[in-house]
Amino acid sequence: MRQIIMVMVAVIVLSFPMSIQADETTSLHTWKELNHTSDQILQLVKQEKFEEAKQLLDYFSVMFLEVDFQEEKITMSSLRTVTGSFEHAVEAVTAIDMPFDQRIYNVTAFRLAVDALSSEHHPLWLHTEKSVMNSLANMKITIVAEDSQGFQHRFNEFLRHYDMIRPALFIDIEPQHLQKIDSQITYLERLRSGNVDKDKVTPHLEVMETEWTNLYSREKEDSADPSLWWVMFTIGGMITMSLSYVGYKKYKAEKQKVRGKE
């Protein structure tokens, strides 16, 4: 029985087309190289190797300009977003007096934007869920404790996280969703000016938590590889059918044995 199932699984998997057009292969290689290069740049900045990071940024720009943006169906807004994050990354490795953590934030934003543009499934920015949700939770804690100074500090921390992932969000999510998030943040900035009103800030933070939770959940579902689900469904269905058939044969044989005894 196991051998039958394994053969069926192998036939299904091998039935998928294994070859793609030459231009698609080239395009895939280019995006993979761009993504890898942006990651190398981030790692170099973390090691404070700014000159080497600048050289890789120059290499990235040359390679990026070779992409056929029209063929790849890249929108002008997405292109401007990546270009802007690239410029901030260049600033991060060339500025003389920029704080180290700000350099990391700038280059990470660039890294996430490139990944969002090149990855169809599971973009890296989804891994920021824990840090973003923790920032929102920490703001609520300071508000409940009526710690205005602590709230201001936590809110600034949240804004830094948001500024870091916003370019990737701009590329990946629907404009109306991003606009809704921006509006909520703008409103919270108004609430924090002057004396912070706990009765107004707390419910608004809860609304923001719900919005961000839904965003991450929705994007995780949307970014799941449909071909993988199809394979799982097909293989699972075939295995179920095989087990059902074997079970039926066994039932029929036992029934015949009972009849024979009678």
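For the structure itself, consult the block above.
Here goes a summary of the coordinates provided. (Residues numbered from 1 in each chain as written. Predicted model: local features only at pLDDT ≥ 70, side-chain atom pairs only at ≥ 80, totals over all residues. Heavy atoms only, no water.)

## Let's talk about the packing of aromatic side chains
The final tally for this structure, using the stated rule, is eleven aromatic pairs. Note on Phe158 and Tyr162: the rings are 6.4 Å apart at their centroids and 5° apart in plane angle, and the pair reads as stacked. One end of the pair is Phe158 and the other is Tyr162, both in helix 7 (residues 148-172) and four residues apart, which spans about a single turn. The pair Phe158 / Tyr162 is uniform in exposure class, with both members buried. Relative to Trp212, the ring of Tyr162 has its centre 5.9 Å away and its plane inclined at 90°; by these criteria the two rings are edge-to-face. Within this pair, whereas Tyr162 is found in helix 7, its partner Trp212 is found in helix 9 (residues 198-222), the two being separated by 50 residues in sequence. For the pair Tyr162 and Trp212, a shared accessibility class is recorded, and that class is buried. Chaining the aromatic ring pairs together yields one cluster made of Trp125, Phe151, Phe155, Phe158, Tyr162, Trp212 and Tyr216. In this structure, Arg103 packs its charged tip against the face of Phe50, placed 4.7 Å from the ring centre. Positioned over the ring face of Tyr105 is Arg160, at 4.4 Å from the centre of the ring. (Phe/Tyr/Trp six-rings, centres within 6.5 Å; stacked < 30°, edge-to-face > 60°. Helix = DSSP H or I, 4+ residues; strand = E, 2+ residues; numbered from the N terminus. Buried < 20%, exposed > 50% of the residue type's maximum accessible area, 1.4 Å probe, protein only. Lys NZ or Arg CZ within 6 Å of the ring centre and 35° of its normal.)

## A word on the pattern of salt bridges
This structure, assessed with the given rule, holds ten salt bridges. With a closest N to O distance of 2.9 Å, Asp58 and Lys54 form a salt bridge. Of the two residues, Asp58 and Lys54 both sit in helix 3 (residues 50-65), four residues apart, roughly one turn of that helix. Judged by relative accessible area, Asp58 falls into the partly exposed class, the value being 35%. The salt bridge involving Glu146 is made with Lys198; its shortest N-O contact spans 3.4 Å. Of this pair, Glu146 sits in the loop between helix 6 (129-144) and helix 7 while Lys198 sits in helix 9; the two residues are 52 residues apart in sequence, bridging distant segments of the chain. Taken together, the shared-partner salt bridges connect Lys140, Glu206 and Glu209 into one network. (Salt bridge = Lys/Arg side-chain N within 4 Å of Asp/Glu carboxyl O.)

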